[in-house]
Amino acid sequence: MCATACEYLVLRPLDSRVCLRARNSDPHSRQRADITRPDAVSYPSHHRWSRVIRLRKKQPASILDAPLLRLSKDDTWTVADACEGTQVFGATGSGKTSGSGQAIAKAMLSRGFGGLVLTAKPDETDLWRRYAEETGRSQSLIVFGSDGDHRFNFLDYEARRCGGTGLTGNIVDLFATVIESVEGGDGTSGPADPFWARALRTLLRNAIDLLILAKERVSLPAIAQVIASAPRDHDQVADPVWRQHADCWRLLQAADERNLPFQEAWDLKVTAAYWCEEFPGLAERTRSSVVATFTTMADGLMRGTLRELFCTDTTVVPEVTHEGAILIIDLPIKRYHELGRAAQIIWKYCWQRATEDHGLGVDPRPVFLWADEAQFFVTARDLDFQTTARSSRACTVYLTQNLPCYQSEMPGGQANVDALMGVLQTKFFHANGDPVTNEWAERTFARGDTARATANTQDRDVQDHRGKPTTKRSTNVSVSTSLESDVPAQAMTMLRKGGVDNGCLVDAIVFQGGRRWKSTGRNVLRTTFDQRS
């Protein structure tokens, strides 16, 4: 049976009561503008906790048309805009989290969005608890962490998913993505020789296939046991002592005794050939290197708190966010370090796959993926996910200090960073002292013709009509045009950062690909957020 959200968790009804406010930064208008909410949004009643959120005005034709933020008197930012991806830049203390970040988060919660929240800092869970309380969404919160009761056996979950999404290849991709993201944190694509990545995938694929064909539960400890008990040479394959004690051989026998259909029987033949011929035939150094790549990552997930969270049962799944849950992964990197990062990338990968499948329906509930300090969570798969996020009603919101943060952490290096920035269409630029980011922002905004007048004055000694000496002054004026940026890099260094000295106001310069803002007539919009909202 297909594993869905309703098998694990039933949510209570949502409550949406908060009206947020932001300040328009247009110097010609001091009007405070609403961060608007939908007037009447109906979501499909797939499960018994689905409901209609009834608000004040006329229902938009589509949830995509519903406004989220009012950035100026004439410009709104809609759900459709959010589905195209959002990137927020700002230095530490710039107000990116308490300014645009807070406004976007509360607007999405007020709209009834579900979402996945990844955490880098220990205080982020409490921050989202406050957001939920202020928007009437406290009952929608689910916190997955060491202090809670929820568990997520991610490999077993992927294996059991319906619609063909639990195939071995997808499980292998999941684990390979985690390894690549954590080990590729130096801005490279991982190992210099692609042989090692392919060898690791082959090892995982055959271990997982063997478990599935033998009707065993797929888990990290089970995969590790298959690999640890595999034969190290061809002589060991025929050793009766090894056959008596090795899990690898026991599973091969169990699969062989089943009456398998043709395709699975063929898969078993290929799998048996790998474990009995190819794997023991590898050079000792090669085999140990490939195995070590797996064990160094899996070992941390099979110990202590993370083993309990990821290698036992499953009580919560990514699909709960499609029914309105706000799922917070409370394993902050500053506390759990590399393992916290790996654990949250696991959740992110599974959520993205589930969301892509869920988006095949008609006008599904919008959901969001939220990552502050996003450089720790980006993967190469983000590029594929974002290209179809709109049809899945999925809104990616990433916050980070600057471009070099991505360049130092993202697998694939500069090319993948450039590609990621290209698919996140809306960009909020807060105060920043990083020249790389500021100069990139300057190039991002439009350039326009600027007219410059030059006057040249010359005095000459002449005689007047009476023959007396006098001075005649002549002035020549020339006008030239040059192509200059609408937003110079220097502008990003002088934006207000909130706090008491700035009246709790946070400035931002907003860009959205393909959009000319009504209030400015250009692709540049300066707006202001109130930290007290």
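As a reminder, the structure under discussion sits directly above these lines.
Within any chain, residue numbers begin from 1 and follow the written order of that chain's sequence. Note on the predicted model: pLDDT of at least 70 is required for a residue's local features to be given, and 80 or more for side-chain atom pairs to be given and counted; whole-chain, interface and lining totals, by contrast, use all residues. Hydrogens and water molecules were not included; the side-chain quantities draw on all heavy atoms of the structure.

A. Broad picture of the overall build of the protein. Secondary structure elements follow DSSP: runs of H or I no shorter than four residues count as helices, runs of E no shorter than two count as strands, and numbering proceeds from the N terminus. The helix and strand tally for the protein stands at 18 helices and 17 strands. Between buried and exposed lies partly exposed: a residue is buried under 20% and exposed over 50% of the maximum accessible area for its type, with that area taken using a 1.4 Å probe on protein chains only. When the 533 residues of the protein are sorted by exposure, 53% land in the buried category. Excluding contacts between residues fewer than 6 apart, the proportion of contacts in the protein whose partners are at least 24 apart in sequence is 75%. Where accessible areas are quoted, they stem from the Shrake-Rupley method and a 1.4 Å probe; at the residue level, only the protein chains shown are allowed to cover. Per element, the accessible surface of the protein, about 23,600 Å² overall, is 48% carbon and sulfur. Here, two residues are considered to be in contact whenever any of their heavy atoms come within 4.5 Å of each other.

B. Representation of the environment of Lys-518 within the structure. Mapped onto the fold, Lys-518 is located in the loop between β16 (505-512) and β17 (525-530). Among the residues examined, Lys-518 registers a relative accessible area of 68% and is labelled exposed. Not counting the four nearest positions on each side in its chain, Lys-518 is found in contact with Asp-74 and Asp-75.

C. Highlighting helix α10 (residues 247-257). Listing the buried residues of α10 in full gives Cys-248, Trp-249, Leu-251, Leu-252 and Ala-255. One face of α10 carries all of its buried residues, which in axial projection span an arc of 160°. The secondary structure elements touched by the buried residues of α10 are α6 (194-213), α7 (220-228), α9 (240-245) and α11 (262-281). Each direction from the helix axis to a C-beta atom contributes to the arc, which is the arc of those directions.

D. Structural context of a nonpolar patch on the surface. The patches reported here contain residues having more than 30% relative accessible area and no salt bridge. Joining distances are 9 Å for like charges and 5 Å for nonpolar side chains (Val, Leu, Ile, Met, Phe, Trp, Tyr). We count a salt bridge whenever a side-chain nitrogen from Lys or Arg sits within 4 Å of a carboxyl oxygen from Asp or Glu. A surface patch of nonpolar side chains, amounting to about 360 Å² of accessible area, comprises Phe-262, Trp-266 and Val-270. Accessibility expressed as a relative area gives 45% for Trp-266, which makes it partly exposed.

E. Up close: α11. Every helix has an expected span of 1.5 Å times one less than the residues it contains. With 20 residues, α11 extends 27 Å from end C-alpha to end C-alpha; this agrees with the ideal 28 Å at 1.5 Å per step. Bend at a residue means the angle formed by two fitted axes: the first through the 7 residues ending at that position, the second through the 7 residues beginning there. In α11, a bend of some 40° at Tyr-274 exceeds every other bend along the element. Among all positions in α11, only Leu-268, Thr-271, Tyr-274, Trp-275, Cys-276, Phe-279 and Pro-280 are buried. Elements that come into contact with the buried residues of α11 comprise α6, α7, α8 (234-237), α10 and α12 (284-301).

F. Local environment of the pairing of strand β5 (residues 67-70). By the convention used here, strands pair only if DSSP detects at least 2 bridges between them. Sheet analysis places β5 next to strand β6 (residues 76-78), joined by 3 bridges and oriented antiparallel. The residue of β6 that forms the bridge with Leu-69 is Trp-77. Connecting β5 to the antiparallel partner β6 that follows it, the hairpin turn spans 5 residues.

G. The arrangement of the nonpolar core in detail. As used in this record, nonpolar core signifies buried Ala, Val, Leu, Ile, Met, Phe, Trp, Tyr and Cys residues forming a set joined through side-chain atoms within 4.5 Å. Counting residues in each nonpolar core, the largest one holds 106 residues, and the members touching the most others are Phe-144, Phe-154, Leu-220, Ile-223, Trp-275, Phe-294 and Phe-310. In terms of residue count, helix α14 (residues 333-358) provides more of this core than any other element does, 10 residues in total. Once residues lying within four places of it in the same chain are set aside, the contact partners of Phe-144 are His-150, Arg-151, Phe-152, Leu-309, Phe-310, Val-316, Leu-327, Ile-328, Ile-329, Asp-330, Leu-331 and Trp-347. Among the nonpolar cores identified, the runner-up in size contains 35 residues, and Leu-69, Val-79, Trp-370 and Ala-508 belong to it.

H. Structural view of the packing of α6 against α12. In the contact formed by α6 and α12, the axes pass within 9 Å of each other and the chain directions differ by 75°. Taken together, α6 and α12 sit at an angle that is classed as roughly perpendicular. Residue-level contacts link Phe-195, Trp-196, Ala-199, Leu-200, Leu-203 and Leu-204 of α6 to Thr-286, Ser-289, Val-290, Val-291, Thr-293 and Phe-294 of α12. Gly falls in the polar group here, along with every residue not listed as nonpolar (Ala, Val, Leu, Ile, Met, Phe, Trp, Tyr, Cys, Pro) or charged (Asp, Glu, Lys, Arg). Here the contact of α6 with α12 is built from residues that sort into 9 nonpolar, 3 polar and no charged. Inter-axis angles, ranging from 0 to 180 degrees, are taken between N-to-C directions of lines fitted to C-alpha atoms, where helices are fitted over the stretch in contact. Oblique is the label for every angle not falling under 35 degrees (roughly parallel), over 145 degrees (roughly antiparallel), or within 65 to 115 degrees (roughly perpendicular).

I. Structural view of the environment of Val-88. Tracing the chain through its elements places Val-88 in strand β7 (residues 86-89). Measuring from C-alpha to C-alpha, the distance between Val-88 and Leu-424 comes to 9.9 Å, with 336 residues separating the pair along the chain. If near-sequence neighbours (up to four positions away) are discounted, Val-88 is found in contact with Lys-96, Ser-100, Tyr-398, Leu-399, Thr-400, Phe-428 and His-430.

J. Broad picture of the pattern of salt bridges. Scanning all chains against the criterion turns up 20 salt bridges. Salt-bridge contacts for Glu-308 lead to Arg-307; the nearest nitrogen and oxygen are separated by 3.3 Å. Where Arg-341 meets Glu-409, a salt bridge forms, and the shortest distance between an N and an O atom there is 3.2 Å. In this pair, Arg-341 is assigned in helix α14 and Glu-409 in helix α16 (residues 403-409), connecting sequence segments 68 residues apart. Overall, Arg-341 belongs to the buried group, its relative accessible area being 9%. Judged by its relative accessible area of 16%, Glu-409 is buried. Linked through salt bridges whose partners overlap, the residues forming this network are Lys-106, Arg-130 and Glu-134.

K. Representation of the side chain of Gln-87. Mapped onto the elements, Gln-87 comes out in strand β7. Judged by relative accessible area, Gln-87 falls into the buried class, the value being 0%. Within the structure, Gln-87 has its side chain in polar contact with the backbone oxygen of Tyr-398 (distance 3.3 Å). Within 3.5 Å is the distance limit for a polar contact, defined as a pair of N or O atoms, with the added protein rule that one can donate a hydrogen and the other accept it, and that residues adjacent in sequence qualify only through two side-chain atoms. Here Tyr-406 takes part through its side chain, which lies 2.6 Å from a polar atom of the side chain of Gln-87. With sequence-adjacent residues up to four places away left out, Gln-87 is seen in contact with Tyr-398, Leu-399, Thr-400, Tyr-406, Met-421, Leu-424, Thr-426, Lys-427 and Phe-428.

L. Structural view of unusual backbone geometry. Unusually for a residue other than glycine, His-337 sits at a positive phi of about 55°. Mapping His-337 onto the fold places it in helix α14. You will see that Arg-393, though not glycine, has its phi angle at about 55°, which is positive. By the secondary structure assignment, Arg-393 is in the loop between α15 (381-387) and β12 (394-400). Accessibility expressed as a relative area gives 12% for Arg-393, which makes it buried.

M. Focus on the packing of helix α2 (residues 97-110) against helix α3 (residues 124-134). Axis separation between α2 and α3 bottoms out at 10 Å; the angle between their running directions is 50°. By the angle between their axes, α2 is oblique relative to α3. The interaxial crossing formed by α2 with α3 has right-handed handedness. The residues of α3 that touch α2, namely those facing Thr-97, Gln-102, Ala-105, Lys-106 and Leu-109, are Leu-127, Trp-128, Arg-130, Tyr-131, Ala-132 and Glu-134. In this scheme the handedness of a crossing depends on how the near helix is turned from the far one: anticlockwise by less than a right angle means left-handed, clockwise means right-handed.

N. Local environment of the packing of aromatic side chains. When two rings of Phe, Tyr or Trp (its six-membered ring) have centres within 6.5 Å they constitute a pair, described as stacked for plane angles under 30 degrees, edge-to-face for angles over 60, and tilted for the intermediate range. Tallying each qualifying case throughout the model produces 22 aromatic pairs. Ring centres 4.9 Å apart and planes at 80° place the aromatic pair Tyr-274 and Trp-275 in the edge-to-face group. On the accessibility criterion, Trp-275 (0% relative accessible area) is buried. Grouping aromatic residues by their ring pairs yields a cluster made of Phe-144, Phe-152, Phe-154, Tyr-157, Phe-310 and Trp-347.

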